[in-house]
Amino acid sequence: MTENRRSEFDFINALRQRVPSTSQSLIAGIGDDAAVVRNTAGKDTVITADLLVEDIDFRRTTTPPFLLGHKALAVSLSDIAAMGSRPVWSVVCVGVPEDIWQTDFVDRLYDGLLQLANRYGVQLIGGDTSRTTENIVIDSIVVGECAAGTSVLRKGASAGDQIFVTGSLGGAAAGLRLIERGAHLAEQNLADEDSQKLDHILLRQLRPDPRVGWGIVLGEEHIATSMIDLSDGLSSDLNNLCTASGVGALIDSSLLPIDETVIELCGRRALDPLQLALHGGEDFELLFTVKPADVARLPRRVDGVGIKRIGEITSASEGIRISEGARIWELKPGGWKHF
Ligand code: ADP
Ligand code: MG
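Residues numbered from 1 in each chain as written. Chains lettered and ligands numbered in written order. Predicted model: local features only at pLDDT ≥ 70, side-chain atom pairs only at ≥ 80, totals over all residues. Heavy atoms only, no water.

(A) Main features of the overall build of the chain. Each helix and strand in the chain was counted, giving ten helices and 14 strands. Taken against the 2.2 N^0.38 rule, which gives 20 Å for 339 residues, the C-alpha radius of gyration of the chain at 20 Å falls within 12% of a compact globule. Here the chain holds 339 residues, and 49% of them are scored as buried. Here the contacts in the chain between residues at least 6 apart in sequence split such that 83% fall between residues at least 24 apart. In the form shown here, the chain has an accessible surface area of approximately 16500 Å², with 51% of it arising from carbon and sulfur atoms. Charged side chains of the chain number 33 positive and 47 negative; the gap between the two group centres comes to 4 Å. (Helix = DSSP H or I, 4+ residues; strand = E, 2+ residues; numbered from the N terminus. Rg over C-alpha atoms; globule rule 2.2 N^0.38 Å. Buried < 20%, exposed > 50% of the residue type's maximum accessible area, 1.4 Å probe, protein only. Contact = heavy atoms within 4.5 Å. Areas by Shrake-Rupley, 256 points an atom, 1.4 Å probe, with all protein chains shown as cover. Lys, Arg positive; Asp, Glu negative; His and termini not counted. Charge placed at Lys NZ, Arg CZ, Asp CG, Glu CD.)

(B) Local environment of the sheet that holds strand S5 (residues 123–131). Pairing in this open sheet of six strands is mixed, and the strands run S1-S2-S3-S6-S4-S5 from one edge to the other. Across the chains shown, the open sheet's two edge strands, defined by having one partner strand only, are strand S1 (26–28) and S5. With direction set aside, neighbouring strand axes in the sheet form an average angle of 20°. Against the sheet, helix H4 (residues 105–119) engages strand S4 (86–96), S5 and strand S6 (137–147), with an angle of about 170° to S4. (Pairing = 2+ DSSP bridges. Axes fitted to C-alpha atoms, helices over the stretch in contact; angles between N-to-C directions.)

(C) Main features of a nonpolar patch on the surface. A cluster of nonpolar side chains, Phe11, Ile12, Val19 and Ile30, forms an exposed patch at the surface whose accessible area comes to about 290 Å². On the secondary structure map, isoleucine 12 appears in helix H1 (residues 8–18). (Patch = residues over 30% accessible without salt bridge, like charges linked within 9 Å, V, L, I, M, F, W, Y side chains within 5 Å. Salt bridge = Lys/Arg side-chain N within 4 Å of Asp/Glu carboxyl O.)

(D) Spatial organisation of the packing of helix H5 (residues 171–180) against helix H6 (residues 193–206). Two elements in contact, H5 and H6, have axes whose closest approach is 7 Å; the angle formed by their N-to-C orientations is 105°. Considering the angle they form, H5 stands roughly perpendicular to H6. The residues of H6 that touch H5, namely those facing Gly171, Ala172, Ala174, Gly175, Leu176, Leu178 and Ile179, are Leu198, Ile201, Leu202, Arg204, Gln205 and Leu206. Of the residues belonging to the contact of H5 with H6, the class tally is nine nonpolar, three polar and one charged. (Parallel < 35°, antiparallel > 145°, perpendicular 65-115°, else oblique. Nonpolar A, V, L, I, M, F, W, Y, C, P; charged D, E, K, R; others polar.)

(E) Highlighting the site of ligand 1. Close contacts around ligand 1 come from 13 residues, with Leu15, Gly31, Asp32, Asp33 and Asp79 the closest. At 3.0 Å from an oxygen atom of ligand 1 is found a side-chain nitrogen or oxygen belonging to aspartate 79. Contact with the protein chains hides 61% of the accessible area of ligand 1, taken as 560 Å² for the molecule alone. Looking at the shell around ligand 1, the element that brings in the most residues is H1, giving three residues. By residue class, the composition of the shell around ligand 1 is four nonpolar, three polar and six charged. (Near = heavy atom within 4 Å. Polar contact = N/O pair within 3.5 Å; in protein donor to acceptor, adjacent residues only side chain to side chain.)

(F) Expanded view of the environment of alanine 35. With respect to the helices and strands, the residue alanine 35 is situated in strand S2 (residues 35–38). A relative accessible area of 23% means that alanine 35 is categorised as partly exposed. Once the C-alpha coordinates of alanine 35 and isoleucine 141 are considered, the two residues, 106 residues apart in sequence, prove to be 12 Å apart. If sequence neighbours within four positions are ignored, alanine 35 has contacts with Ala28, Thr45, Val46 and Ile47.

(G) Fine view of unusual backbone geometry. Positive phi is not limited to glycine here, since aspartate 55 has a value of about 75°. You can see aspartate 55 is positioned in the loop between strand S3 (43–53) and helix H2 (65–81). Looking at aspartate 55, the relative accessible area reads 38%, which means it is partly exposed. A positive phi angle, near 50°, is found at phenylalanine 284, a position not held by glycine. Here phenylalanine 284 is to be found in the loop between helix H10 (273–279) and strand S10 (286–290). You can call phenylalanine 284 buried: its relative accessible area is 5%.

What follows is the structure, encoded as structure tokens:
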């Protein structure tokens, strides 16, 4: 009976109750994008782990190993960014079946991972390698740092704070739908304008760009009051942020920065861009809140990526809602769930 099955959310919450959260050096434990522990040197250490499992999180047939390596690190860098912190170290564990081990798959995977690591000055310092019976499994751990007390948690938002999102929404979910329908990346030198647009969407799914620069700026400049990265989908992740902060939110759908290529290509393919932007996962943008008085301090762009105000934090009793013109309705979490 599906109704009786426990969700990932319930499992994680139960786990939280079983471990002490009172240790003096623990700033944030289970329940945020990454854990934060206090160092003696006036620095906080930030730690995150992400597991990618073949046929659950990616497919071997549609994900080139170079891009898989990129994505394995990117999702962890995104969690460190969501804490307003700087990524520093990477630890990677891989489990692969014998037939894959005999090819150059793992080498290409590390090509992609190391290229992204170099871009942000992150150093691979260890990991583990094992054999699986069938499926590829990758566990990516990233350790980051920030000045003591400057990490941005999910729980800092309060009523009146303005809600912002980096970049654009809906591209990764659109890419996944198109890949499931058989779309492939074009051969680079053959790409015409239409296949370049298609590639843009497919790469939003296959090669997410973690918002590392924005994360560091928002943390170091003390601008964001709360933050989360969009891994499960705006509706789910906004819900997580609001639950942690004990607040509600009102989103204006006309302000959502829906990916323009998604609007252009998906209308023709019977995919609803607004639904993809609200409930589609894996955009790996940052969702954060800012006090009205601090909005003017926000940079317009970081690393060429802009931000958009999409709504306002309200009191918890008002719930999490979205307006479309004069209509307002409850925004229920509808994103990705493992269980
Ligand atoms: P994200 O999507 O940001 O990576 P998750 O939903 O995976 O976050 O995890 C939410 C929180 O639960 C994090 O603090 C994470 O460390 C913790 N968590 C998830 N799975 C486990 C587990 N198996 N054991 C301990 N903590 C876990
Ligand atoms: Mg996260």
